[in-house]
Amino acid sequence: MPNLMLKGKVIITGAIEAVTGLHIGGAAAGLDIGGIDNPVIRHPVTREPYIPGSSLRGKMRSLLDKHLGLEANKLIQRWKPAVRLHECDDEEKYLQCPACQIFGVTPGDQRRDWNRLKPSRLIVRDVLLSQTHEATRRLREAKTDLPFTEVKWEAAIDRITAAAVPRQNERVPAGAVFSPFEMVYNLFDLNGTGIDNDIRWLTHLFKAMELLEDDYLGGYGSRGAGKIAFRELKVLFKSRAYYEGEISEPVVLGEGNTLRDLNVSQFGEKIRQNLGD
Amino acid sequence: MSSTTYRLTCLSPVHIGTGQQWSKFDGAYHEGRWYVVDLDRVFALGVDGNELAQAMSSGAFSWAEWLRGRRISPEQVALYSLPCALPPGEVYIREGIKDVYLRPYIPATTLKGAVRTAIVWYLLRHDEQAQAFTRRYLILAVYAKDIGQIVNRLAKGNRQAEEDPQLHLRAIREALELDDAQEAEAFLQTLYRALGKHLEGARRGDRYERVRMRDIRELGSDRRFLALPVERYLLGKDPNHDLLRVLQVGDSETTSLEQMEVGLVWTYHLNQSGRLQPKREQGMEYKSLAEWLKPETSVRLSLRIDESLLGEQANKVLKFKPTQQQAIRRLPEVCNSYARSVIGRQKEYVTRHHQPQLQAFYNQLQQRLDSLPGGAFLLNIGWGGGWEAKTVGDIVQEILHDDDYDDFGELRKRYKLGENPQTNRINPDAPFPETRLVAYQGAAAAYPLGWVLLEPEKG
């Protein structure tokens, strides 16, 4: 019988700064008068733009897959455009695959034995527009086209006639800050195999964050939008002892204003020292 | 992912528009500056909204007079102001792009569009098959209505016959008066490819590959998308397979409003003695005003190549050809080839038509191009560069050149290229493109619009 024991949680918090305009698409305005072609996603209650955890998580996974050279072997959409992603399809590969361990595998249609108890390690929460940051105050006071967003007009030019096709694109302006973001990385002992791999794979999560800073989040990224930076970072470790009330404070693994300030290579040793086993 | 930071420097005025145009209802000219009025600031002075609305409903309203009448200085109510070359009067001012904090910048979309044009031009220039496809496609587009009518006549209302490739072949032969069976077959293949269909599949009876009469008639019917099949041929069949996915361009850093001014742009055309002169007709001067970035303005931006999309894994799906991959990897060279071609043609035109200021500018630009350091390149971006700097028009003119038929002339008629806006007519004897937009410095013609230099930053 497979078993799973939680050995602790690594909690990464901080802020996400939109270095360039950010477009994470929402539902089109449809027939709204004055509705925009390509709106950004907004919180259903506050109507403020936000970053869905799914966008953040999916992009980090995709970048890590590419970084590790993992084959996009699983076809998840057959009709055009075909959509493929990487997902291990046997136990042996899975055990060696940081991407599938961190981000998980889907059960799929055919639940085979190997597919049982394959917990993903990572939780990524939605990130709201900061309520306290100076950038939000400035954004509130700026003359934006729509609340907290700019509508950028663009034109595609035909390369034979030079006729222009205007289009509009809603973006959260560069400089906006979303915070606090929170990612939770679980350290599991699966079937008594220990947590060495989970500790080792934690570095891949930070690698994915770094890759994301040099890529883009959301749409229109290859033409300017979506460059982000992680800021005001704090990485905590909460062991079993913390949850059981034996210690009152989580262990600070690292702090810094940028990813490079964190000294991620030291995290493994600090976690081991504070496991409390 | 390989990323390079570039410094972009404006070599001539650069106007990147927002789609918005300012008029006397939006701002006021005062002592050499243009002030865009911020209504919030107006109301903050205690102005009665109803009274203002009533005043603005009059066609004679102007902010300049309204403010003067109330002894309010434009500075008090301005969202921003810029030096302005002349009182705008009734001339609209094209707004230049800025971020929400009123800081101008160069959007990545603008740069990427210009780079895309250069890549399309370069690939087309070096690919004879692509040129043959483009020539046949454009001829089919020009005569699409005729072909459609012949299909209609031959099919006699039989839907199945209308979709028969053999009948399409007959219609093409008849419409284009083609004696050569091989050439007719090549046109048929081009028709199917331009419509995104597979001829062989259609011949086998695959219903998804059928071409309907409506498809034929609508081929190239929208001048805004005429080049699309050519771009698909050269860059990839759809956005997911498009070569330019590999290139990630960042929005530039912002710069200060000090780098922007409202400048005069005048349309120049050929006068009767063949000189390029400011256009004036029926007492009207063809002037416009634009918020532009001044020459020598400089901003940083990044260009990245997503190597993973050029790797072995991705290539199984994307299938970029070596020539396509090279075009991306040798981007500065590609852009400079295109720039050299545009500059050469523009220089030749302004020299032939006696426009010494522009000739001097293009001479300098050509010299600069000849001595660029490695990795640096020239682009023409934004509004006002003209047809030649925004299209692959020179290649189109070449490949449609024929001693027997004036196919390019037919293309011009079909797509209204060089149409006189007053008469809606095209003068086939006038050179195309005939007009040029000229940016002024003070009272003198000085520049073409939109030339920028990109230099990689060290380290």
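Here we summarise the structure given alongside this text. (Residues numbered from 1 in each chain as written. Chains lettered and ligands numbered in written order. Predicted model: local features only at pLDDT ≥ 70, side-chain atom pairs only at ≥ 80, totals over all residues. Heavy atoms only, no water.)

### A word on the packing of helix α5 (residues 108–125) of chain B against helix α13 (residues 228–235) of chain B
All names here are of chain B.
Here is step 1: Where α5 contacts α13, the axes come no closer than 10 Å and their chain directions differ by 75°. The orientation of α5 relative to α13 falls into the category roughly perpendicular. Taken together, the residues of α13 that come into contact with α5 (itself represented by Arg 116, Ile 119, Val 120, Leu 123 and Leu 124) are Glu 231, Leu 234 and Leu 235. (Axes fitted to C-alpha atoms, helices over the stretch in contact; angles between N-to-C directions. Helix = DSSP H or I, 4+ residues; strand = E, 2+ residues; numbered from the N terminus. Parallel < 35°, antiparallel > 145°, perpendicular 65-115°, else oblique. Contact = heavy atoms within 4.5 Å.)

### Remarks on the nonpolar core
Here is step 1: With 137 residues, the main nonpolar core has Ile 119, Leu 378, Leu 379, Leu 411 and Trp 451 of chain B as its most contacted residues.
Here is step 2: Here the element with the most residues in this core is α5 of chain B; it accounts for 11 residues.
Here is step 3: In this view, Ile 119 of chain B contacts Leu 235, Leu 243, Leu 244, Ala 327, Ile 328, Leu 331 and Val 334 of chain B; residues no more than four positions away in its chain are not counted.
Here is step 4: Counting residues in hydrophobic clusters, the runner-up holds 58 residues, among them Ile 16, Cys 100, Phe 206 and Leu 233 of chain A. (Core = buried A, V, L, I, M, F, W, Y, C linked by side-chain atoms within 4.5 Å. Buried < 20%, exposed > 50% of the residue type's maximum accessible area, 1.4 Å probe, protein only.)

### Details of the pairing of strand β3 (residues 27–30) of chain B
All names here are of chain B.
Here is step 1: The pairing of β3 with strand β4 (residues 33–37) spans 4 bridges and is classified as antiparallel. When the bridges of β4 are listed, Gly 27 appears paired with Val 36.
Here is step 2: Connecting the antiparallel pair β3 and β4 is a turn made up of 2 residues, with Glu 31 showing a positive phi of about 45°. (Pairing = 2+ DSSP bridges.)

### A few points about the interface of chain A and chain B
Here is step 1: Facing 39 residues of chain A, the contacting portion of chain B comprises 49 residues.
Here is step 2: Summed over both partners, the interface of chain A with chain B buries about 3,400 Å², with 55% contributed by carbon and sulfur atoms.
Here is step 3: Contact with chain B buries area across many residues of chain A, yet Lys 143, Arg 159 and Ile 160 of chain A alone supply 26% of it, more than any other trio.
Here is step 4: Counting across the interface, chain A meets chain B through 5 salt bridges.
Here is step 5: Between Lys 143 of chain A and Asp 38 of chain B there is a salt bridge, with its nearest N and O atoms 3.0 Å apart. (Buried area = accessible area lost by both parts, 1.4 Å probe. Salt bridge = Lys/Arg side-chain N within 4 Å of Asp/Glu carboxyl O.)

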